[in-house]
Each structure stands twice: as structure tokens, then as C-alpha cells.
Amino acid sequence: SVPRSYFDIAGRIDAAAWYQACAVELTKLFDMCTFDIVDEDSVPSGTKVMDTCFSFKRKEDSEGNLKELRCRINADGRQQDKGSCGDTFAPTSKFSCIRTICSIAAQERLTLYQFDIKGAFLMAPCKEDIYLNLPGRYRLPRGKVLKLRKYIYGLRQSAAQWHRLFATWLKDYGFENIDTDGVTWVKNGVKKDGQPSKLMLTVHVDDGLAACNDPDTYQEFLDALRKDFDLSDSGELTWLLGCKVEQRPGRVRLHQEKYCNDVLKRFQHSDCKPISTPCEPNMHLTDADCPKLEDRDPEVVRNYQMLIGALMYLTCFTRGDCSFAVNQCARFMSNPGPSHVAAARRILRYLAGTRSLGLTYSSDSRDDGLTSVGKLTLPNQLTASADADHAGGKDRRSISGWAVMLNGAMVTWSSKRQPVTAISSTESEFYAVSQCALDCVYLRRVMELMGYAQSQPTWIAQDNAACIYLAKGAGMYNRAKHIDTRIYRIRELASGDHPEVDVYKIAEIGRAHV
């Protein structure tokens, strides 16, 4: 465990190590000229001197071994005037982009690397007058306060300023942004032997994931980065955001076995009896089992929310097989009943028996189902499947589910309740296909900018004949008039001289291939 605050350190067995971490962090801030010590009388009238605090973290490797004890000084951003912060939005890497880069790296035999920018938020110069006190037992001389020269963690605008600074640096170095959020980049160049080089990069706050076909090109990038930032080079990628990465030429595997073990231990299910499915067949949870508001137990609600939050991270990264079950449970976060808690615990039992499952991208993967009907899949070609459960729940709402595959494994997926009540199976199926097509279009754009443009339409498997006829413009029925906006969008994507998607009947290849 880690201390919850600075004053919780006293009495711990490892107190000396945590106190040392605090001293190292404070020294680092002064060495980086993060703030100046000024007279309290110089603070403008009406300007609040904000409090600060320490936060603590144990940094571990992929095997759970302790690497270091980390301490960070944070400003209390709640004390800031919201109107004076300016832009506070800072994007992070999409999991779909991370998985796409890993999939391409497997197919093209690129090497995956990782680097970390130390004290990233401390790099951007502070544009406002912000005054702070020191945290914990540290005190300045009487009548003195700190005035920031650079942003620190905890301020509302720190992340946005860091993102803007690093994005500008990447552009100046020659990178081209390949998505709308400014976190995925590509740089094309030439190796020393005259062959083309490629460096792809995605950034999650201060953690960078890079894929490159030339070690010299990557090393030149790191050398340039070190000139302006305090950099920690982790070498080849083995661990990213709680996910274990195993790579060898032509193969990349992602799994979260350690994270599963941590979740099972945290919620006392390490020795539970495993089960083969994450939920019961045809499960549809309802609010009929929710207790009355005056009877709900705050401790049950809190534990349930922590459990579902932990499962959602797992589901969003590598375990799409749990998407439906977790989505069902997440609908009752504010007031769970006994059936909802039991369903969440069943997911833990499923994870106990499948904790090592993950995603494996391979250069020799192929889709036998598509090949059997004359649809030859090429390397780095997207394929997809979409389906819907028409009015399966007691509230008569349908559930959409879709997955997009690349080089042998999923790169994006979803299972969610449709926002409207579908009056026919055609409508529910069409909603799922339309949402899947939008994901396909986004990934096609990203891959094109990466240099791997799709030479064929993205095939979407579907089992509803009427849905396919409507998608291909074969007919328009009175019962589908109210969904014509989606129909025409899909038709636009599936028609023309260069269609981007192609919907085909799943019965042509059989359900077993999906």
C-alpha cells in the first residue's frame, strides 16, 4: 500500500524511503526552476495562494517487482478560478490507435519501443500568475510564498499546456499528425542505406509508444528528444499502461494477466472457482432489483463502482470478450442490487480462469471464412462483424455489438445498449452496422495516413438479409423510412467506384468463423 497523505507516512516501516522520495521531488522542482520564492506582499489583492500536497505511487515492472517509490507535488486545482484557466482539454492515446500500431508492427516486422518524459507537466512555461504554499511539513520563511515559473501537476491547465508544447516539438522535428486528437504521429525518412524509414508514435500523457523499422532512426529521435526534455528510455516495449507486451518478429501479443491478478486480489477472488463464461446466456439486467434510495448501502455502492471501474479498464484495453457483461453491470453504478453484484462477481470468476487471455497480432494470420467465399484478405486489411439483439431486454431496447479485426485480432470493439427503441430487427441490425462502419472509416483514415492505405473495401459480416439489401441500395421499404439518414450514409460508404465498406451475409461463411 502507499500513504494516502504526507502525514500518513509516520509510523510506517518504509517511512524513511517515502520521506526520501518527498525530498527528492522537492529538490527536483527547485533544480528545474519551477518556481521562485517571492514576498507574500507582492501577491495581487484578491489572488489566492493555493495549497499543495504530496501524492505517492509504487512503480512496478511487468512482474510486479518494485522499481521505485515515487512522490509528486500537486497543486490543489479545486482552488483555481475556472474562468482564468483557459483551455484545459488534453487528449490521450486511443486504445484503438495503440492496438493498430501493435498490429501493423507485427505485420511489417517493426520494433516497438517505449520512452517516458520525466516531469512532463513541469516543462511548459506558466503564463499566469499562480502562487503556492509548500506541502507537508515543509515551510518557507515567514512572509514568503512560491510563484510558479512552470506549470505543475494538479493545475487545471497543466495537461493542456504540456500537450501543446510536445505537439509543437514533434511538428518541428518533422512528424505529421494522423488523427484529430494530436496524439498519434508518423515520420517518414530515409535510412543510411537509402531505404525508406518509418517512425510511428503515439503519446499517452508522458508515456510514448514508438514503432520503427530502423534502430538508427529511433536513436536519432531519442537524442533530439533528450536535448529538450528529461527522458527515460525503456528500450523495447514490454509494459504499457498496465498491459504486458510480448513481441518477436512477425508477432505481437498483448495481455493483462498481472492486472487481472491484482483485480482478483483486490476484490478477494484470487482463489475463487473459475467459470467458463462471463455472464449467463441471454442475461439482461434491469432496475427491478435496485433497492430504494433510502435503503441502499453506501459501502456496497462504493465497492461496486470500484469493481466495475477496474473491469471497464480491462475491457477497453484487451478483453473485448467481457464487453457485454461489463456493459450490463455498468448501467447500475449508482444503485446496484443483489443481482447486479452477483453478475459482477461472475465476471471475476470468469477472469480467474482466463486471466492469461489477450490479443495476438501475427503476420501470417488469415481469415479462412472470407477466403472460402472468394474474399481474399490482404496483409493489414481491416475486416469487421456487426450484430444486434433485437428488443432482447425487458425495456425492449436492443444491444449492438461489433468488432473490427486487423492481422488476426481485434483492434476495436463495442457492445452497448442502443439509444432508441428499434421497431424491427432490420432497424436494430442497421444501427449496429452503421456504428461499425463509422469505426471502420476512422481506422481506414488512420491507416492511410500511416502509409498503409486499404486497397479493398472493409467487409462487414451481417446476418440480416433486409439490412444488407438496404445497405447496398437494393430497396427502400415503408417500415424503414424513419432510418433513412443512416441508410443513405451506409449506402454512400458502400457504393461508388471506390467503396469503403461492403456488407455481406454472414450465412455465406457460417457463424463459426466470426
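Residues numbered from 1 in each chain as written. Predicted model: local features only at pLDDT ≥ 70, side-chain atom pairs only at ≥ 80, totals over all residues. Heavy atoms only, no water.

### What about the pairing of strand S19 (residues 409-417)?
Counted residue by residue, S19 has seven buried out of nine residues, so it is predominantly covered. Where strand S18 (residues 399-406) lies against S19, eight bridges are found, and the strand directions are antiparallel. Among the inter-strand pairings, Ala-403 is bridged to a residue of S19, identified as Trp-413. Hairpin remark: S18 followed by S19, antiparallel, with two residues in the connecting loop; positive phi at Asn-407, about 55°. (Buried < 20%, exposed > 50% of the residue type's maximum accessible area, 1.4 Å probe, protein only. Helix = DSSP H or I, 4+ residues; strand = E, 2+ residues; numbered from the N terminus. Pairing = 2+ DSSP bridges.)

### Description of the layout of surface pockets
Considered as a void within the structure, the largest pocket measures approximately 1,800 Å³ in volume. Surrounding the largest pocket, 46 residues form its lining, Lys-57, Arg-58, Lys-59, Glu-60 and Arg-70 being those nearest its centre. Residue assignment for the lining of the largest pocket shows that the elements contributing at least two residues are helix H1 (15-31), strand S3 (52-60), strand S4 (66-75), strand S5 (111-117), strand S12 (231-236), strand S13 (239-240), helix H5 (257-266) and helix H6 (298-317). In the lining of the largest pocket, the residues fall into 17 nonpolar, nine polar and 20 charged. (1 Å grid on protein atoms, 1.4 Å probe; cavity = no way out; pocket = protein on both sides within 12 Å on 5 of 7 lines; lining within 4 Å. Points joined across faces, edges and corners; volume = space filled by probe spheres on them. Nonpolar A, V, L, I, M, F, W, Y, C, P; charged D, E, K, R; others polar.)

### A short note on helix H2 (residues 95-108)
Taking 1.5 Å per residue as the helical rise, H2 with its 14 residues ought to reach 20 Å, and the 20 Å between its terminal C-alpha atoms agrees with that figure. Counted residue by residue, H2 has 13 buried out of 14 residues, so it is predominantly covered. A positive phi of about 60° marks Arg-109, the residue just after H2. (Expected span 1.5 Å × (residues − 1).)

### Description of the packing of aromatic side chains
One pass over the structure, following the stated rule, counts 26 aromatic pairs. Seen in terms of ring centroids, Phe-166 and Trp-169 are 6.3 Å apart; in terms of plane orientation they differ by 0°. Their pairing is stacked. With a gap of three residues between them, Phe-166 and Trp-169 both fall in helix H3 (residues 158-173), about one helical turn apart. Phe-166 sits in the buried class, given a relative accessible area of 4%. Overall, the relative accessible area of 12% leaves Trp-169 in the buried class. Relative to Phe-175, the ring of Tyr-173 has its centre 5.9 Å away and its plane inclined at 25°; by these criteria the two rings are stacked. (Phe/Tyr/Trp six-rings, centres within 6.5 Å; stacked < 30°, edge-to-face > 60°.)

### Comments concerning the environment of Lys-144
Topologically, Lys-144 is positioned in strand S7 (residues 144-148). Ignoring sequence-local partners within four residues, the contact set of Lys-144 consists of Ile-37, Val-38, Asp-39 and Glu-40. Among the polar contacts made by the side chain of Lys-144, one reaches the side chain of Asp-39 at a distance of 2.4 Å. (Contact = heavy atoms within 4.5 Å. Polar contact = N/O pair within 3.5 Å; in protein donor to acceptor, adjacent residues only side chain to side chain.)

### Side note on the confidence of the model for the protein
Here the protein shows a mean pLDDT of 87. Residues at 70 or above account for 92%. Within the protein, no element has a lower average pLDDT than helix H9 (residues 368-372), which sits at 50, and none a higher one than strand S15 (residues 251-255), at 96. The low-confidence segment residues 507-514 (pLDDT under 50) makes 13 contacts with residues lying over four places distant or belonging to another chain. (pLDDT = per-residue confidence, 0-100.)

### Quick look at empty space enclosed by the protein
Rolled over the atoms, a probe with the dimensions of a water molecule shows which regions are left empty. Tallying each qualifying case throughout the model produces three cavities of 30 Å³ or more. In this structure, the largest cavity encloses a volume near 50 Å³. His-284, Leu-285, Thr-286, Gln-328, Arg-331, Gly-393, Lys-394, Asp-395, Arg-397, Ser-398, Ile-399 and Arg-417 are the residues that line the largest cavity. The residue inventory of the lining of the largest cavity, partitioned by class, reads two nonpolar, five polar and five charged. Considering only enclosed or pocket space, the second largest cavity measures out at about 40 Å³ in volume. Lining the second largest cavity are Ser-93, Ile-98, Thr-202, Val-203, His-204, Asp-207, Gly-208, Leu-209, Leu-240 and Leu-241. Of all the secondary-structure elements, those providing two or more residues to the lining of the second largest cavity are strand S10 (196-204) and strand S11 (207-212).

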